[in-house]
Structures are given as structure tokens and as C-alpha cells.
Amino acid sequence: MGLNLLQAWQGAKQRLEAAGLAGPVIDARLLVEAAAGATRADIVGDPYRPLTPEQEATLEDYLARREHREPVSHILGRKGFWKIMLNVTPDVLTPRPDTETVVEWVLRDFPEHAPWSVLDLGVGSGAILLSILAERPAARGLGVDVSEEALAVARENAANLGLAGRMALLRGDWTEGLAEASFDLVVSNPPYIASEVIETLEPEVRDHEPRLALEGGPDGLTHYRRLAPEILRVLKPGGRFAVEIGYDQKTAVEALFREAGAAQVQTLRDLGDRDRVVAGAKNPLESRTRVAT
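Notes on the structure follow.

The rules behind the values
- Residues numbered from 1 in each chain as written.
- Predicted model: local features only at pLDDT ≥ 70, side-chain atom pairs only at ≥ 80, totals over all residues.
- Heavy atoms only, no water.
- Pairing = 2+ DSSP bridges.
- Helix = DSSP H or I, 4+ residues; strand = E, 2+ residues; numbered from the N terminus.
- Axes fitted to C-alpha atoms, helices over the stretch in contact; angles between N-to-C directions.
- Contact = heavy atoms within 4.5 Å.
- Salt bridge = Lys/Arg side-chain N within 4 Å of Asp/Glu carboxyl O.
- Buried < 20%, exposed > 50% of the residue type's maximum accessible area, 1.4 Å probe, protein only.

### Considerations on the sheet that holds strand β6 (residues 183-188)
- With respect to topology, seven strands assemble into an open sheet ordered β5-β4-β3-β6-β7-β9-β8, the strand pairing being mixed. On the outer flanks of this sheet lie β5 (167-171) and β8 (262-269), each paired with one strand and no other. Direction aside, the axes of adjacent strands within the sheet are offset by 15 degrees on average.
- Across the face of the sheet, helix α7 (residues 127-135) comes into contact with β3 (117-121), β4 (140-145), β5 and β6 while running at roughly 175 degrees to β4.
- Where helix α11 (residues 250-259) meets the sheet, its contacts fall on β7 (235-244), β8 and β9 (275-282), and the angle it forms with β8 comes to roughly 160 degrees.

Right, dumping it as C-alpha cells:
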């Protein structure tokens, strides 16, 4: 006698709990839904629906991989972020709820029907840029990444979401080759983990996420030192920026942007009440002031 949906979910939950994994309830549900081709509503409304032998075998494979600390997003090849579903692979950082803080700030400050331009530096899966474009139909975006594999994932996600017509992708080294004063908004989630800290991270991150998307140099700030002046260079006067930071980097990153000439620099907190995003603007009078001197 095979398992039904309820038994499969309860068994999966117990296995993941026994393996000492955080969030076993949600992980178990997601893996059962994917293996059984079921929805959350099915588990509640049709709990005694049997799994086929193939579905049980798939679930067994998923659970074994999760017990070995492979992220659920990699097992399933997808992850929900903001209001969209994204394909993810080991070539991109798995989008995290903390990063939604960037999207939230952008949508609050940028009107729905204005035709503004957004640059996403280190676009990865496209999570930030695609979430913004999905909610702002007149906006257009450019995503830059040094990884060709990451760009392929972003391209596929844009196509799946019907947003490819409003988003261009470019392989590049941050803002290299981009014209001055060309964007209304710049967003970025750069690598910000100090090199020596990486080995202490959870296995899901340390062993399965791309090192390129994590490592921020000896103190975690290498990329911000370069990005602060570059972001201000490519922003239009009065343009805005928002970059994700590590929970203990507020003071250092704010200082780097102020030194680069940014105005209205502030730090936003995430849902866990940790410092998460440094945001600000380019002085609207900057270009005129330069002409005058």
C-alpha cells in the first residue's frame, strides 16, 4: 500500500526534522507538492490521494538530496520571489526574502506609469529587475552580470514572465562601458560576505551557491568601494539607487556612498529588523554645478 499526500507530507516533515534542518514544515510541503504534482490546496482538500510509485520514488530522491543540505530551490529548479516565480540553478544566487526590501523601496518611490530606466548590477536570476518590471509596465531595464551562465538564467526567466521585450542583458564588469547619467534607478545585490566567513556559512550556501556571487573580499566591502562612485556616474541627476548590504555593513557602506557624493543616504531594515539596504540619490544639481565651476 503506497503513501497518500498527508502521509507523504508528515513523513517528509519528520525526516527533515530528524536531519536537523531549519524550516522542515515548508520544505516538506514544497517537495511533496513538486513530487506528487499537487498544490497546497490538494494536501488540505484531498489528503488521502495516493502517490504513484514514480511520485514516491521522486519524493525519496528529493528528500535524500535535502538531507544532504542541497537547497530546495536547486532540487526543484525554481524559487518564488516577490510576486513572481523564477527558475534557479547552481549558477545563480537563490533569491531570498531579505532582498525583497530593495523591491519594496523601489515600488514605493517610483510611479507606476512613468517610463523610467533601471539598471541591475549583478543581475543573477533577474529576481530584483524582473520583480520591478512586472509591477511597473512602462519601465525598461538593463541587467549586467559577469557570468554568462547567470545571464542565461535571467534571460529564460524574462521570457517565461513575458518581460523579455522590456529587459536587455549584458555581460560586463559592473558599469564598465555604460554611459554617464543614463539611468533613473540603479539596484544591486553585490557579493558582500568577507572571504574568511564563507567557510562558516550553512552548507546550503557554502557548498551550493556560486562563490562569485558571495565573496566580497577580505572585509566584504571590496565591491562597494568600486560600486559607489560607478553607480553615481551612471545615474541621471536626481536618480536613485538601492544596494543590498550585510547586516553589519551599514556604517561603512553609507560612508562610501557619501564620499562618492550621494545625497539622502539612508539604510532600510528587512523583515527580520536587520539593516539590509543602503539607498540614496544623485544630487539633482550635480551636473549644473560642474558646468558652473
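### A word on the pattern of salt bridges
- Under the defined criterion, the tally for this structure stands at 26 salt bridges.
- Among the ionic pairs, Asp 98 bridges to Arg 276, the shortest N-O distance being 3.4 Å. Here the residue Asp 98 occupies a position in the loop between β2 (84-87) and α6 (100-109), and Arg 276 occupies one in strand β9, the gap between them amounting to 178 residues.
- One salt bridge in this structure joins Glu 254 and Arg 258, with 3.3 Å as the shortest N-O distance. Taken together, the residues Glu 254 and Arg 258, both in helix α11 and four residues apart, mark about one turn of the helix.
- The exposure class of Glu 254 is buried, given its relative accessible area of 8%.
- By sharing partners, the salt bridges in this structure join Asp 98, Glu 244, Asp 270, Arg 274 and Arg 276 into a single network.

These figures come from the coordinates and say nothing about function on their own.
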